[in-house]
Amino acid sequence: MASADQAAQNSKGPGGGTPQGTAQIGVTGLAVMGRNLARNLARNGYATAVHNRTAARTRALVEEFGDEGTFVPSETAADFVASLERPRRIIVMVKAGEPTDAVIEEFAPLLEPGDIIVDAGNAHFADTRRREKDLRKRGIHFVGSGVSGGEEGALHGPSIMPGGSAESYQALAPMLEAISAKAEDGSPCVAHIGPDGAGHFVKMVHNGIEYADMQLIAEAYDLLRHALDLPPAKIAEVFRGWNQGRLDSYLIEITAQVLAHTDADTGRPFVDVVLDQAEQKGTGRWTVQTALDLGAPVSGIAEAVFARSVSGHADLREAARELPGPTPTLLDSAAYDRFADDVEQALYASKIVAYAQGFHQIAAGSAEYGWNVDQGRVAAIWRAGCIIRAAFLDRIRSAFDARPDLPTLLIDEHFGEALRGAQSAWRRVVSTAAELGIPTPGFSAALAYYDSLRAERLPAALIQGQRDFFGAHTYRRTDRPGSFHTLWATPDRPEVTPS
Ligand code: NBP
């Protein structure tokens, strides 16, 4: 509870004499995320300067929650900056894109070398790199920080992924650790991810993995619904059971709750009255676009993004509705237990693949930009606070801690063992889905990736032949070094070595 002094300070509005240099940190942008982050800071005992373009939001925050801690409200950027102790720490929590640039341009001229601007919005990491470079020239630290966990996380403890300089992280660490989620072992879910855009890059991949995880869970539901004709409430029970085991996670838990929910208006299962067109804000798309640039094959994430896109093409789906499929059949009721167990195995195996692909992308980004990201630390700070929080992440942390240069999670001893145990069931599920005409792009892509990695020979050799045939793109041979080209138009097709 706030002291009398704090209450007095909170009551001083703009123009009523904003205290100078007393706030330890400031938040500008007080919509749902910024407001909750400011409350979290104040609740943790930090005197928090608050500011918003539209001052009504600032006033509303102090009026509603002023007794939660020390807030120092300002109506102008100049008053806000003046209210902060040095070096100034300013968290920007505005709509990503142009608003972030507008806020930086408003505040940067008011700051001094050594001050820190933290962009905690969902910026594209390339924008963060640009902003960091520009502000570094002006002597200002710019920290692009991923924040995951939605509005509840912002208030009660998010997973925080800050980039930027090590020096700025030191100045922020105690506060970020205090407000972050805590893993079961008590460790704070925040770590310095790496320089410039590393934090926003890792947050982007986090969101991509979130897309993949949600898609896989949705496919598991769809299989149980249409192969076994289970009603949603019954499937909720299955998910609740899974949540007691190795799939224990926030996403499985909320899935069970959504499936168990009944629509008040119609009395029908909620999931049956919701339009089957998934929305997206764009971070999944960024993950896939970036993965393509980096050459990181994140097929599970890509399928999840495309699956949402397909769902949204209502006209296309309507036009194709009459395409033939297999005769609708249900699995024998005796197969119930086995199939549900098979789906659990397929879900777990596909989830391992999705996370392996996401971590591969993080490794590829880290190598490309020289970030030196510690993947074990990333897994550790995703264990609580964020949407993909799960017991599973502790296993991933252990895998990277044991071997920081692990080429893929699939070959870690624990995950390799799980895949070995799951693969027969996984194959049965994918083939059953194909036979019954139930789309499982996530499960199928994950299995194809698994089989591609373990294949001794891939048909890429044939593709090299095709490329050489039509475009003289050359190929390499298995038996000697160098590049070769076959003169395909010449009758005896001699092989030459291009100079
Ligand atoms: P919004 O993304 O809805 O942004 C609204 C805020 O941006 C308001 O404070 C608004 O001020 C301010 N703003 C805008 Br719009 N244009 C501005 C400008 N030109 N100059 C100054 N301020 C401007 O808020 P949110 O949902 O709280 O999200 C904030 C950030 O956090 C976003 O980047 C979002 O992607 C990210 N994020 C959100 C979630 C979530 O669950 N919502 C989760 C994780 C990350 P006004 O009041 O004057 O209009």
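Residues numbered from 1 in each chain as written. Predicted model: local features only at pLDDT ≥ 70, side-chain atom pairs only at ≥ 80, totals over all residues. Heavy atoms only, no water.

Selection criterion: UniProt positions are given in the numbering used here, feature names are shortened, and annotations may be inferred rather than shown by experiment.
As named in an unreviewed UniProt entry, the protein is 6-phosphogluconate dehydrogenase, decarboxylating, taken from Actinacidiphila bryophytorum. The record held by UniProt for the protein lists under Subunit (unreviewed entry) the comment "Homodimer." Quoted verbatim from the Catalytic activity (unreviewed entry) field of the UniProt record, the comment on the protein reads "6-phospho-D-gluconate + NADP(+) = D-ribulose 5-phosphate + CO2 + NADPH".

1. Thoughts on the environment of Gly385
As a reminder of what qualifies: A helix here means a DSSP run of H or I that spans at least four residues, while a strand means a run of E at least two residues long, and both kinds are numbered starting from the N terminus.
If you trace the backbone, Gly385 turns up in the loop between helix H17 (375-381) and helix H18 (392-402). Linking Gly385 and Ser148, residues 237 residues apart in sequence, is a C-alpha distance of 6.9 Å.

2. A closer look at the UniProt feature "binding site: substrate" (unreviewed entry) in the protein
For clarity, the cut-off: A contact between two residues is defined here by any heavy atoms of the two lying within 4.5 Å. By the criterion applied in these results, polar contacts are pairs of N or O atoms within 3.5 Å in which, for protein atoms, one can donate a hydrogen and the other can accept it, and in which residues neighboring in sequence qualify only through two side-chain atoms.
UniProt marks Asn122, Ser148, Gly149, Gly150, His206, Asn207, Tyr211, Lys281, Arg308, Arg467 and His473 with the feature "binding site: substrate" (unreviewed entry), using the numbering shown here. Spatial dispersion of the annotated residues is evident: they stretch over 352 residues in sequence, and the largest pairwise C-alpha distance comes to 48.4 Å. Within the element layout of this structure, His206 appears in helix H9 (residues 198-228). Those residues within four positions of His206 in sequence are excluded, and the remaining contacts are Ser148, Trp382, Cys386, Ile387 and Ile388. Reaching out from His206, the side chain makes a polar contact with the side chain of Ser148 at a distance of 3.3 Å. With respect to the element layout, Asn207 can be found in helix H9.

3. What about empty space enclosed by the protein?
Condition: Each cavity reported here is a set of points on a 1 Å grid over the protein atoms alone in which a 1.4 Å probe fits but cannot get out, each pocket an open set with protein on both sides within 12 Å along at least five of seven lines, and each lining residue one with an atom within 4 Å of a point. Grid points are joined across faces, edges and corners, and a volume is the space filled by probe spheres set on the points. Each residue gets one label: Ala, Val, Leu, Ile, Met, Phe, Trp, Tyr, Cys and Pro are nonpolar, Asp, Glu, Lys and Arg are charged, and the others, such as Gly, are polar.
As enumerated under the stated definition, the model contains four cavities of 30 Å³ or more in all. What the largest cavity holds in volume is close to 60 Å³. Across the lining of the largest cavity, the residue classes tally to eight nonpolar, one polar and no charged.

4. Things to note about the site of the ligand
Test applied: We call a residue near a given molecule or strand whenever any one of its heavy atoms falls within 4 Å of it. Here, Shrake-Rupley sampling with a 1.4 Å probe gives the accessible areas, and only protein chains in the shown set may cover a residue.
Around the ligand, the surrounding shell holds 20 residues, and the nearest of these are Met33, Asn52, Arg53, Thr54 and Arg57. At 2.9 Å from an oxygen atom of the ligand is found a main-chain nitrogen or oxygen belonging to Met33. Contact between the ligand and Ala96: an oxygen atom at 3.4 Å from a main-chain N or O atom of the residue. In isolation the ligand exposes 910 Å². Once the protein is present, 76% of that is buried. Mapped onto the shell around the ligand, the elements with two or more residues apiece are helix H2 (32-43) and helix H5 (98-107).

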